[in-house]
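# Structure assessment
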Amino acid sequence: MDSKIGSIDTCKPTNGDMCSPANGTVSTIQTSVPPAVINSHESTLGRHLARRLVQIGISDVFSVPGDFNLTLLDHLIAEPGLNLIGCCNELNAGYAADGYARSRGVGACVVTFTVGGLSVLNAIAGAYSENLPLICIVGGPNSNDYGTNRILHHTIGLPDFSQELRCFQTVTCFQAVVNNLEDAHEQIDTAISTALKESKPVYLSISCNLPAIPHPTFSRDPVPFSISPRSSNQMGLEAAVEAAAEFLNKAVKPVLVGGPKLRVAKACNSFVELADATGYALAVMPSAKGLVPEFHPHFIGTYWGAVSTAFCAEIVESADAYLFAGPIFNDYSSVGYSLLLKKEKAIIVQPDRVVIGNGPAFGCVQMKDFLHALAKRLKPNTTAHENYRRIFVPEGHPLKSEPKEPLRVNILFPHIQNLLSGETAVIAETGDSWFNCQKLKLPKGCGYEFQMQYGSIGWSVGATLGYAQAVPEKRVIACIGDGSFQVTAQDVSTMLRCGQKSIIFLINNGGYTIEVEIHDGPYNVIKNWNYTGLIDAIHNGEGKCWTAKVHCEEELIEAIDAATGPKKDCLCFIEVIVHKDDTSKELLEWGSRVSAANSRPPNPQ
């Protein structure tokens, strides 16, 4: 069998390219090439780890140096297939690995013990919430220091070195502390394969004195990874399909709704196959945007309760049956628990479980298998989509700006819409960009990512760095609010060092607008920066960078023309000045409902 290294099992719909390779994971890696003897200077723990990362499809690792990981970094740099990217801080390194994993299917970061580990922890928690395989590598203490009752620097001053490990146990699916060479090979391979299998982050601590030491277990090419695919219980699968088919075939106007766990289930193709076969109206939850082709003939928009795209909620909530594939129902996706859905009308399909109405439930059933089999059992039914087309009225266009009129957000985003193509990808930061970017219509091949479950402000700067590094053939368009940008702004410098050509729209409205609409107070006002001046200072004449500050539509048009014309080979930073109260109507509605959910009084005891 031919060598197949770093193979990505993509999750692309059969009729389009809406899902990036992020929506799959690394598949079985096989080779027929006989194991080769490795030179002694390469038969080290550090080089073994580097080779393993390359084998699973990683060509870039995001890092921050510290004295416990420096030797390890030397060995990662020495690997020809690996590029080490130094970030300004550990949090951004973690966010970059997150963005990279969304595009490549797996990502990695390297930090130092405790001060680095606890700094990257928040980004790892976000990747865990979004089901992203991410290898978090920490340079740990010298192996001789374990069990000696010594106190080390970079710790909290106790001889117990387990604080960092205990912190990571709740946000990773596997942890390994490598402090001897005898079982290092097994621990590293188990950590990496577990991340791929579970599609979650793992923690790998490697003692600082081990990476450079040759060992017999690293002297030959390692046994190839073989990640066994998950399989369904055949009897359970057949029973689930039978029950679901009976449920849906008797419905008058059933609909399909895609959720974010389509990604981890690698079921995008199967979901689109089901939509093709049935003719059902097709919607997505907000956090699944980009996983389903929006140019599909039966696509009706984003289902987000009261803040859904026009006419979508009415069709979904009036249906007499709805199949949700991979949903996450939290307070944000349910708009403060205000969705008008009834459990008895719903089929909930999770990656390995199917629940039909109020019962029964079927376990050990893989989503991909279930959707594929169900597509063959359902009768075509286009009633819901016909109803949608019957009531649909094309959205109105905002009033045209007067000459030099202050720019409005509803003027900005139609211009961003015109930038989108199959050669672009959108990164939407937590905040009003969630709602404005949801209304963008993604053309075939256009990527889309945002972090809804964890919602960590500042995520998008690192994620833009990582995503753009993973797919240099796409131009990333990032929409970031000023409050979020202040959290992680430094790593624009890393984008410049890497020669990236992203377009960043910095939306400057003077504060934390999403928080204002949930609960306002003086803490939501931030110090205004000269953002373009900051980026110019970071640029400092090194690399290709271009900035613009726009106040009106005429200036915006000029800036976009420059960014896509003479400055298309530059990192383009466009600061958009808008009024502090200029928000989408969806944020106003959503904020009031989330506020109501947050403000519920305690239940009587």
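None of these values were measured; they are calculated from a predicted model.

### A short note on helix H15 (residues 459–470)
The terminal C-alpha atoms of H15 lie 17 Å apart, and with 12 residues this matches the ideal 16 Å at 1.5 Å per residue to within 8%. When you tally the buried positions in H15, you get 12 out of 12 residues, the bulk of the element. Within H15, the full set of buried residues consists of Trp459, Ser460, Val461, Gly462, Ala463, Thr464, Leu465, Gly466, Tyr467, Ala468, Gln469 and Ala470.

### Considerations on the UniProt feature "domain: Thiamine pyrophosphate enzyme central" (unreviewed entry) in the protein
UniProt marks residues 241–359 with the feature "domain: Thiamine pyrophosphate enzyme central" (unreviewed entry), using the numbering shown here. Measuring from the first to the last C-alpha atom of residues 241–359 gives 14 Å, for a span that is 25% helix and 21% strand.

### Considerations on the domain arrangement of the protein
Taken domain by domain, the protein consists of domain 1 (45–207), domain 2 (234–391) and domain 3 (409–591). Measuring from the centre of the C-alpha atoms in domain 2 to the corresponding centre in domain 3 gives 32 Å. Across the contact, 16 residues belong to domain 2 and 18 residues belong to domain 3. Buried area between domain 2 and domain 3, summed over both chains or domains, comes out near 1,600 Å², and the portion from carbon and sulfur atoms is 67%. Area buried by domain 2 at its contact with domain 3 is led by Lys289, Trp304 and Tyr332, which between them contribute 39% of it. The tally of links from domain 2 across to domain 3 stands at 1 salt bridge. When the shortest N-O distance is used, the salt bridge between Glu449 and Arg263 registers 2.7 Å. If you look at where domain 2 meets domain 3, you find 7 residue pairs in polar contact (both at pLDDT 80 or more). A class-by-class count of the residues in the side of domain 2 that touches domain 3 yields 8 nonpolar, 5 polar and 3 charged.

### So, the layout of surface pockets
Roughly 1,200 Å³ of volume is contained in the largest pocket. Along its surface, the largest pocket is lined by 37 residues, and Glu395, Gly396, Lys439, Leu440 and Lys441 are the ones closest to its centre. Among the elements of the structure, strand S11 (299–302), helix H13 (409–419), helix H14 (432–438) and helix H21 (585–598) are those that each provide at least two residues to the lining of the largest pocket. With 6 residues, H13 is the single largest residue contributor to the lining of the largest pocket. In the lining of the largest pocket, the residues fall into 15 nonpolar, 13 polar and 9 charged. There are two domains that each give the lining of the largest pocket at least three residues, and those are domain 2 (234–391) and domain 3 (409–591).

### Some details on the sheet that holds strand S6 (residues 134–140)
As summarised here, the arrangement of the 6 strands in space is S4-S3-S5-S6-S8-S7, forming an open sheet in which the pairing is parallel. Across the chains shown, the open sheet's two edge strands, defined by having one partner strand only, are strand S4 (83–86) and strand S7 (175–178). Strand-to-strand twist in this sheet, taken as the mean axis angle between neighbours without regard to direction, amounts to 20 degrees. As paired strands, strand S3 (residues 60–63) and strand S5 (residues 107–112) are joined by 2 bridges and run parallel to one another. Bridge pairing links Phe62 to Cys109 in S5. Packed on one face of the sheet, H15 meets S3 and S4 and runs near 160 degrees to S3.

### Some remarks on the pattern of salt bridges
Applying the stated criterion across every chain, the model contains 15 salt bridges. Residues Arg150 and Asp145 are paired through a salt bridge, measuring 2.9 Å at the closest nitrogen-oxygen approach. On the accessibility criterion, Arg150 (46% relative accessible area) is partly exposed. Residue Asp145 is classed as buried on the basis of its relative accessible area, which comes to 11%. Through salt bridges that share partners, Asp98, Arg102, Glu130, Arg263 and Glu449 make up one connected network.

### Topic: the side chain of Asp432
Within the secondary structure, Asp432 is located in helix H14. No salt bridge is formed by the buried Asp432; its nearest oppositely charged neighbour, Lys439, is found at 7.2 Å.

### Topic: the side chain of Ser270
Locating Ser270 in the fold gives a position in helix H9 (residues 268–278). Overall, the relative accessible area of 5% leaves Ser270 in the buried class. Among residues more than four places away in sequence, those in contact with Ser270 are Lys368, Leu371 and His372.

### Looking at the environment of Glu449
The residue Glu449 is located in strand S17 (residues 447–450) in this model. Residues Glu449 and Lys289, spaced 160 residues apart in sequence, show a C-alpha to C-alpha distance of 7.7 Å.

### A few points about the sheet that holds strand S15 (residues 361–363)
Sheet architecture is open: 7 strands sit in the order S11-S10-S9-S12-S13-S14-S15, paired in mixed fashion. A strand with exactly one partner marks an edge of an open sheet, and here the two such strands are S11 and S15. Taken pair by pair, the neighbouring strands of this sheet meet at an average axis angle of 15 degrees, ignoring direction. In the sheet, strand S9 (residues 255–258) pairs with strand S10 (residues 281–284) via 4 bridges, with the strands oriented parallel.

### Here's the deal with helix H1 (residues 45–55)
Because the α-helix completes a turn every 3.6 residues, residues three or four places apart line up on one side. Across the 11 residues of H1, 10 count as buried, placing the element largely inside the fold. Along H1, the residues that are buried comprise Leu45, Gly46, Arg47, His48, Leu49, Ala50, Arg51, Arg52, Leu53 and Gln55. With its phi angle positive at about 105 degrees, Gly57 sits one or two positions after the end of H1.

### Considering the nonpolar core
Counting 100 residues, the largest nonpolar core has Phe62, Phe413, Phe485, Phe505, Trp546, Ile574 and Trp590 as its most contacted members. Membership of the second largest hydrophobic core comes to 38 residues, among which are Phe247, Leu274, Val292 and Met367.

### A few points about the environment of Glu42
Along the chain, the position of Glu42 falls in the loop between strand S2 (25–26) and H1. Judged by its relative accessible area of 23%, Glu42 falls in the partly exposed class. Apart from residues no more than four positions distant in its own chain, Glu42 is found in contact with Arg47 and Arg51.

### Some points on the packing of aromatic side chains
Taken as a whole, this structure holds 17 aromatic pairs when the rule is applied. Seen from their ring centres, Phe62 and Tyr100 are 5.7 Å apart, and the 70 degrees between their planes marks the pair as edge-to-face. Of this pair, Phe62 sits in strand S3 while Tyr100 sits in helix H3 (residues 90–104), and the two are 38 residues apart along the sequence. As far as burial versus exposure is concerned, Phe62 and Tyr100 are alike and both buried. Centre to centre, the rings of Phe311 and Phe392 are 5.7 Å apart; their planes meet at 70 degrees, and the pair counts as edge-to-face. With Phe311 in the loop between S11 and helix H10 (312–317) and Phe392 in the loop between helix H12 (383–391) and H13, this residue pair connects regions lying 81 residues apart in the sequence. On the accessibility criterion, Phe311 (21% relative accessible area) is partly exposed. We classify Phe392 as partly exposed; its relative accessible area is 37%. Three or more aromatic residues link up through ring pairs in this structure, and these residues are Phe68, Phe113, Tyr146 and Phe161. The ring centre of Tyr448 lies 5.4 Å from the NZ or CZ of Lys289, which sits over that ring.

The rules behind each value
Residues numbered from 1 in each chain as written. Predicted model: local features only at pLDDT ≥ 70, side-chain atom pairs only at ≥ 80, totals over all residues. Heavy atoms only, no water. Helix = DSSP H or I, 4+ residues; strand = E, 2+ residues; numbered from the N terminus. Expected span 1.5 Å × (residues − 1). Buried < 20%, exposed > 50% of the residue type's maximum accessible area, 1.4 Å probe, protein only. UniProt positions renumbered as here; feature names shortened; annotations may be inferred. Domains from an automatic or database assignment. Contact = heavy atoms within 4.5 Å. Buried area = accessible area lost by both parts, 1.4 Å probe. Salt bridge = Lys/Arg side-chain N within 4 Å of Asp/Glu carboxyl O. Polar contact = N/O pair within 3.5 Å; in protein donor to acceptor, adjacent residues only side chain to side chain. Nonpolar A, V, L, I, M, F, W, Y, C, P; charged D, E, K, R; others polar. 1 Å grid on protein atoms, 1.4 Å probe; cavity = no way out; pocket = protein on both sides within 12 Å on 5 of 7 lines; lining within 4 Å. Points joined across faces, edges and corners; volume = space filled by probe spheres on them. Pairing = 2+ DSSP bridges. Axes fitted to C-alpha atoms, helices over the stretch in contact; angles between N-to-C directions. Lys, Arg positive; Asp, Glu negative; His and termini not counted. Core = buried A, V, L, I, M, F, W, Y, C linked by side-chain atoms within 4.5 Å. Phe/Tyr/Trp six-rings, centres within 6.5 Å; stacked < 30°, edge-to-face > 60°. Lys NZ or Arg CZ within 6 Å of the ring centre and 35° of its normal.

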